[in-house]
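Chain residues, written in single-letter form:
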Amino acid sequence: MLASYLTMAAILFCIGLYGAFVKRNAVVVLLSIELMLNAVNLNLVAFSKYGAVPSLTGQVFALFTIAVAAAEAAVGVAVLIALFRARGTVKADEFDELRR
């Protein structure tokens, strides 16, 4: 049972890693990072339930990770909105300079 959770988390993480490295749209990159964080949460909860000593520690860490991911998403979207207003695009390739 643990192996199926770990396989699913590995698949989710690889999809997120692919999206973060290959995609050009900054919104898709942020969504890919969220997908990777959700894969980590799945690992934490799976090891918490099926580990050698089952406890709530992994689930508590998963809650903290969810809170950090929510804050990261809010800050990331705010930065993207500011960049879109300044430059008119959300393509990650065009954000290589601090000022234009």
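So, here is what we can say about the structure in this document.

What counts and how
- Residues numbered from 1 in each chain as written.
- Predicted model: local features only at pLDDT ≥ 70, side-chain atom pairs only at ≥ 80, totals over all residues.
- Heavy atoms only, no water.
- Axes fitted to C-alpha atoms, helices over the stretch in contact; angles between N-to-C directions.
- Helix = DSSP H or I, 4+ residues; strand = E, 2+ residues; numbered from the N terminus.
- Parallel < 35°, antiparallel > 145°, perpendicular 65-115°, else oblique.
- Left-handed = near helix turned anticlockwise from the far one by under 90°.
- Contact = heavy atoms within 4.5 Å.
- Polar contact = N/O pair within 3.5 Å; in protein donor to acceptor, adjacent residues only side chain to side chain.
- Nonpolar A, V, L, I, M, F, W, Y, C, P; charged D, E, K, R; others polar.
- Patch = residues over 30% accessible without salt bridge, like charges linked within 9 Å, V, L, I, M, F, W, Y side chains within 5 Å.
- Areas by Shrake-Rupley, 256 points an atom, 1.4 Å probe, with all protein chains shown as cover.
- Salt bridge = Lys/Arg side-chain N within 4 Å of Asp/Glu carboxyl O.
- Buried < 20%, exposed > 50% of the residue type's maximum accessible area, 1.4 Å probe, protein only.

**Digging into the packing of helix 1 (residues 2–22) against helix 2 (residues 26–50)**
Taken N-terminus to C-terminus, the directions of helix 1 and helix 2 make an angle of 165 degrees; their axes are 8 Å apart at the nearest point. Judged by the angle between their axes, helix 1 and helix 2 are roughly antiparallel. Considering only the axes of helix 1 and helix 2, their crossing is left-handed. Residues Leu2, Tyr5, Leu6, Met8, Ala9, Leu12, Phe13, Ile15, Gly16, Leu17, Gly19 and Ala20 of helix 1 form the contact with helix 2, whose participating residues are Val29, Ser32, Leu35, Met36, Ala39, Leu42, Asn43, Ala46, Phe47 and Tyr50.

**What to know about the side chain of Thr89**
Note on placement: Thr89 falls in the segment after helix 3 (57–87). Here the side chain of Thr89 touches Lys91 through a polar contact of 3.3 Å, landing on its backbone nitrogen. Beyond its immediate stretch of four places on either side in the chain, Thr89 contacts Leu83, Phe84, Glu94 and Phe95.

**Considering the packing of helix 2 against helix 3**
Two elements in contact, helix 2 and helix 3, have axes whose closest approach is 8 Å; the angle formed by their N-to-C orientations is 175 degrees. Comparing the axis directions of helix 2 and helix 3 gives the class roughly antiparallel. Residues of the contact of helix 2 with helix 3, tallied by class, amount to 14 nonpolar, seven polar and two charged.

**Notes on a nonpolar patch on the surface**
A cluster of nonpolar side chains, namely Phe13, Leu17, Tyr18, Phe21, Val22 and Val40, defines an oily patch on the protein surface of about 550 Å² accessible area. Ranked by residue count, the leading element in the nonpolar patch is helix 1, at five residues. Within the fold, Val22 resides in helix 1. What makes Val22 partly exposed here is its relative accessible area of 40%.

The values are spatial; any link to function lies outside them.
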